[in-house]
Amino acid sequence: MKTYFPRTPRIMMRLFSEYTWRFSSKQKKLFLTFDDGPTPEITPFVLDQLKKYNAKATFFCIGKNIEKHPDIFKQIIEDGHAIGNHTHNHLKGWKTKTNKYLDDVLQCEKTISKTTKNSSKPRLFRPPYGKIKRKQAKRLIMNNYKVIMWDVLSADFDTKVSKQQCFQNVVKHSKNGSVIVFHDSIKASKKMQYALPQFLEIFSKKGYVFSKIE
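Residues numbered from 1 in each chain as written. Predicted model: local features only at pLDDT ≥ 70, side-chain atom pairs only at ≥ 80, totals over all residues. Heavy atoms only, no water.

Chemist: Describe the overall build of the protein, listing the residues and the values that go with them.
Modeler: Looking only at helices and strands, one finds eight helices and eight strands in the protein. Scaling as 2.2 N^0.38, a compact globule of 214 residues should have a C-alpha radius of gyration of about 17 Å, and the protein matches this with 16 Å. Evaluated residue by residue, the protein yields a buried proportion of 52% over its 214 residues. Across the protein, contacts joining residues at least 24 apart in sequence account for 76% of those joining residues at least 6 apart. Computed over 41 positive and 18 negative side-chain charges, the inter-centroid distance for the protein is 8 Å. (Helix = DSSP H or I, 4+ residues; strand = E, 2+ residues; numbered from the N terminus. Rg over C-alpha atoms; globule rule 2.2 N^0.38 Å. Buried < 20%, exposed > 50% of the residue type's maximum accessible area, 1.4 Å probe, protein only. Contact = heavy atoms within 4.5 Å. Lys, Arg positive; Asp, Glu negative; His and termini not counted. Charge placed at Lys NZ, Arg CZ, Asp CG, Glu CD.)

Structural data, given as structure tokens:
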């Protein structure tokens, strides 16, 4: 049974308005995001596809994956994409005590700073699974983080969703200003590799620009 929506309901966006779900719809602009990397088997494919369409994206990276694959992480930055904090150990906020959760975010923050040799911390954060306690989010926002959610979910992670349905999820629901979620993970790879190139081509031909979140 699915516990998510390919298109985030408006009521959810209103209830949690302190999070960023989408951006202004005045321009033909889309915001692609990729969670859970860097992954050596997958992330380079994503970077190559984005480069073909002069597309910029935002990568929400897991700290322990950054430690394992620093060169790929640096390549994401060198290619002009934005990076965000996705915790160090991919913790589920609903099942984690607040102090432990915040410590894990901080650990990822330190890993990012160490790897980039940059003292400024990333200002973007996405909770793994999209599940975070309100008090956890409040503390992060107080520390100048922007909590970035989404309004379009590809569902490339779902073993019960076909690659064709994954593609339809993003094509059908993406609109001006949409924040779209794919995963640069092994689990999601086959569906993402099917859907992403077609998505980029279709929306490029429609005159859309793919931008990173800042």
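Here the narrative resumes.
Chemist: Explain the pattern of salt bridges to me, using residue names and the numbers behind them.
Modeler: Tallied over the full model, the rule gives six salt bridges. As a salt-bridge pair, Arg126 and Asp35 come within 2.8 Å of each other at their nearest N and O atoms. Taken together, the residues Arg126 in the loop between strand E4 (124-125) and helix H6 (134-142) and Asp35 in strand E1 (residues 29-35) connect sequence positions 91 residues apart. The pair Arg126 / Asp35 is uniform in exposure class, with both members buried. Through salt bridges that share partners, Arg7, Arg22 and Asp151 make up one connected network. (Salt bridge = Lys/Arg side-chain N within 4 Å of Asp/Glu carboxyl O.)

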